[in-house]
Amino acid sequence: LIDGIRNALADQRVDLRIFLTDNRFSNERRCLQTVVHQNFQGFIVDGVKASIMNPNLDCYKELYRRRIPVIFYNNYYKNLRYPKVIVNDMACAETLVGKLIHAGHKRIAGIFVYDNYQSVEKFQGMAEAMRNNGVELKDHYIKWCISDEAHSPGYSRSIEKFLRSLPKCTAIVCCNYVIYRLVRQALEKMGRSVPEDYSLVCFDYSDENLDQENITCSVTRSYEMGQELGKRLIRMIENKDCDEKNYSCVMKPVFHEGNSIRKI
């Protein structure tokens with residue numbers, strides 16, 4: 001992502017600074033308060049726990065009052081008027097879950113992160129794909145977690161318990177690469193294999209070992225997203241504009257066809 005942004009800004013005289021929030025509200029607030037007073041001309045932001053109410057919207061509203069351009073990527077705050085660059089996660093879910101359904105799977109589990117707006121849209125896409133294909137979405141086949149849990153190595157035990165509670169489940173939808181790795185750990189402990197025991201699909205695969213892992217997934221487009229962010233933010237700065245208008249971009253998902261889906 002950073003390389004893509006730098007590439008888009010290569011012809012500009014730009015001082016690019018990076019602030020890490022670690023997906024925490026308190027860190028986000030400190031970053032915003034710091035940069036507001038340092039006369040930055042524009043911001044590229046990945047929202048913190050974007051699907052729940054954010055306590056730092058006053059900082060973003062202050063940026064808007066000052067007419068300072070902000071553009072979001074991946075996670076954005078719905079009640080702000082800033083533009084965003086995102087992947088069409090609804091369409092992505094319909095494709096991935098559709099592959100499972102067309103292979104004969106009807107008992108499909110999903111693991112999603114509820115404080116991540118991307119993940120919520122992926123779940124909505126899964127629900128729509130199942131409904132459109134006449135497959136029932138059962139509440140107890142969906143596991144929700146918070147971002148902090150998903151980044152805990154021990155969370156694979158919770159996933160293992162969840163899967164053991166679904167003895168008839170034949171397929172699993174992983175909302176991102178982090179969840180996918182935890183699912184693979186859980187299946188290994190259970191002595192289960194892919195795709196013989198469980199078929200798997202994954203959103204936003206981000207490791208370089210995709211050919212070796214060979215899972216059916218969408219592939220993260222971080223570099224291209226970074227390029228779009230850089231180009232659009234420069235236009236906003238040049239136009240002295242901070243409203244959404246035509247600066248947003250919804251990118252098409254890119255897929256890898258692996259061997260992780262068994263026909264049944």
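Okay, so let's go over this structure. (Residues numbered from 1 in each chain as written. Predicted model: local features only at pLDDT ≥ 70, side-chain atom pairs only at ≥ 80, totals over all residues. Heavy atoms only, no water.)

Concerning the overall build of the protein chain
Part 1 of the reasoning: For the protein chain, the count of helices and strands is 10 helices and 10 strands.
Part 2 of the reasoning: Against the compact-globule benchmark of 18 Å for 264 residues, the protein chain has a radius of gyration of 20 Å, which places it among compact chains.
Part 3 of the reasoning: Principal-axis analysis of the C-alpha atoms gives the protein chain an extent of 55 × 35 × 30 Å.
Part 4 of the reasoning: When burial is assessed residue by residue, the protein chain has 51% of its 264 residues classed as buried.
Part 5 of the reasoning: For the protein chain, the computed accessible surface area is about 13400 Å², with 45% contributed by carbon and sulfur atoms.
Part 6 of the reasoning: Charged side chains of the protein chain number 38 positive and 33 negative; the gap between the two group centres comes to 3 Å. (Helix = DSSP H or I, 4+ residues; strand = E, 2+ residues; numbered from the N terminus. Rg over C-alpha atoms; globule rule 2.2 N^0.38 Å. Buried < 20%, exposed > 50% of the residue type's maximum accessible area, 1.4 Å probe, protein only. Areas by Shrake-Rupley, 256 points an atom, 1.4 Å probe, with all protein chains shown as cover. Lys, Arg positive; Asp, Glu negative; His and termini not counted. Charge placed at Lys NZ, Arg CZ, Asp CG, Glu CD.)

Comments concerning the nonpolar core
Part 1 of the reasoning: Judged by nonpolar contacts, the single largest core of 48 residues is most densely connected at Ile 108, Ile 172, Val 173, Val 183, Leu 187 and Leu 200.
Part 2 of the reasoning: Broken down by element, this core gets its largest block of residues, eight residues, from helix α8 (residues 177-190).
Part 3 of the reasoning: If you look at the next biggest cluster of nonpolar residues, it comprises 23 residues, including Val 70, Leu 80, Tyr 82 and Cys 242. (Core = buried A, V, L, I, M, F, W, Y, C linked by side-chain atoms within 4.5 Å.)

What to know about a positive patch on the surface
Part 1 of the reasoning: A cluster of basic side chains, namely Lys 106, Arg 107, Lys 138 and Lys 168, defines a positive patch on the protein surface.
Part 2 of the reasoning: With respect to the helices and strands, Arg 107 occurs in the loop between α4 (89-102) and β4 (108-113).
Part 3 of the reasoning: The class for Arg 107 is partly exposed, based on a relative accessible area of 38%. (Patch = residues over 30% accessible without salt bridge, like charges linked within 9 Å, V, L, I, M, F, W, Y side chains within 5 Å. Salt bridge = Lys/Arg side-chain N within 4 Å of Asp/Glu carboxyl O.)

So, the packing of helix α7 (residues 155-164) against α8
For any two helices packed against each other, one specifies the inter-axial angle together with the distance between the axes.
Part 1 of the reasoning: Running from N to C, α7 and α8 point in directions that differ by 65°, and their axes come no closer than 8 Å. Along this stretch, α7 crosses α8, giving a crossing that reads as right-handed. Between α7, through Tyr 155, Ser 156, Arg 157, Ile 159, Glu 160, Leu 163 and Arg 164, and α8, the contact on the second element is made entirely by Leu 182, Val 183, Gln 185, Ala 186, Leu 187, Lys 189 and Met 190.
Part 2 of the reasoning: Along the lines of polarity and charge, the residues of the contact of α7 with α8 split into eight nonpolar, two polar and four charged. (Axes fitted to C-alpha atoms, helices over the stretch in contact; angles between N-to-C directions. Left-handed = near helix turned anticlockwise from the far one by under 90°. Contact = heavy atoms within 4.5 Å. Nonpolar A, V, L, I, M, F, W, Y, C, P; charged D, E, K, R; others polar.)

A look at the sheet that holds strand β7 (residues 199-205)
Part 1 of the reasoning: The six strands are arranged β5-β4-β6-β7-β8-β10 in an open sheet whose pairing can be described as mixed. With one partner strand each, in any of the chains shown, β5 (142-145) and β10 (254-256) form the two edges of the open sheet. Going across the sheet, the axis of each strand differs from the next one's by a mean of 15°, ignoring polarity.
Part 2 of the reasoning: As judged from the three bridges shared by strand β8 (residues 216-219) and β10, these two strands associate in the antiparallel manner. The partner of Ser 218 across the bridge, within β10, is Phe 255. (Pairing = 2+ DSSP bridges.)

A short note on the packing of aromatic side chains
Part 1 of the reasoning: In the structure shown here, the tally under the stated rule is 14 aromatic pairs.
Part 2 of the reasoning: Judged by centre distance (6.4 Å) and plane angle (50°), the rings of Phe 72 and Tyr 82 are tilted. Residue Phe 72 is located in strand β2 (residues 70-73), and its partner Tyr 82 is located in the loop between β2 and β3 (84-87); the two are separated by 10 residues in the primary sequence. Comparing Phe 72 with Tyr 82, the two get one shared label, buried.
Part 3 of the reasoning: Pairwise contacts between aromatic rings join Tyr 60, Tyr 64, Phe 72, Tyr 77 and Tyr 82 into one cluster.
Part 4 of the reasoning: The positively charged end of Arg 67 is found above the aromatic ring belonging to Tyr 64, 5.1 Å away from the centroid. (Phe/Tyr/Trp six-rings, centres within 6.5 Å; stacked < 30°, edge-to-face > 60°. Lys NZ or Arg CZ within 6 Å of the ring centre and 35° of its normal.)

Re the sheet that holds strand β9 (residues 249-251)
Part 1 of the reasoning: One open sheet holds the four strands; their spatial order is β1-β2-β3-β9, and the pairing between them is parallel. Across the chains shown, the open sheet's two edge strands, defined by having one partner strand only, are β1 (43-45) and β9. Each adjacent strand pair in this sheet contributes to an overall mean axis angle of 15°, direction not counted.
Part 2 of the reasoning: Sheet topology note: the β3/β9 ladder contains three bridges and is parallel. Across the sheet, residue Ile 86 finds its bridge partner in β9, namely Val 250.

Observations regarding the pairing of β8
Part 1 of the reasoning: Sheet topology note: the β7/β8 ladder contains three bridges and is parallel. The residue of β8 that forms the bridge with Tyr 205 is Val 219.

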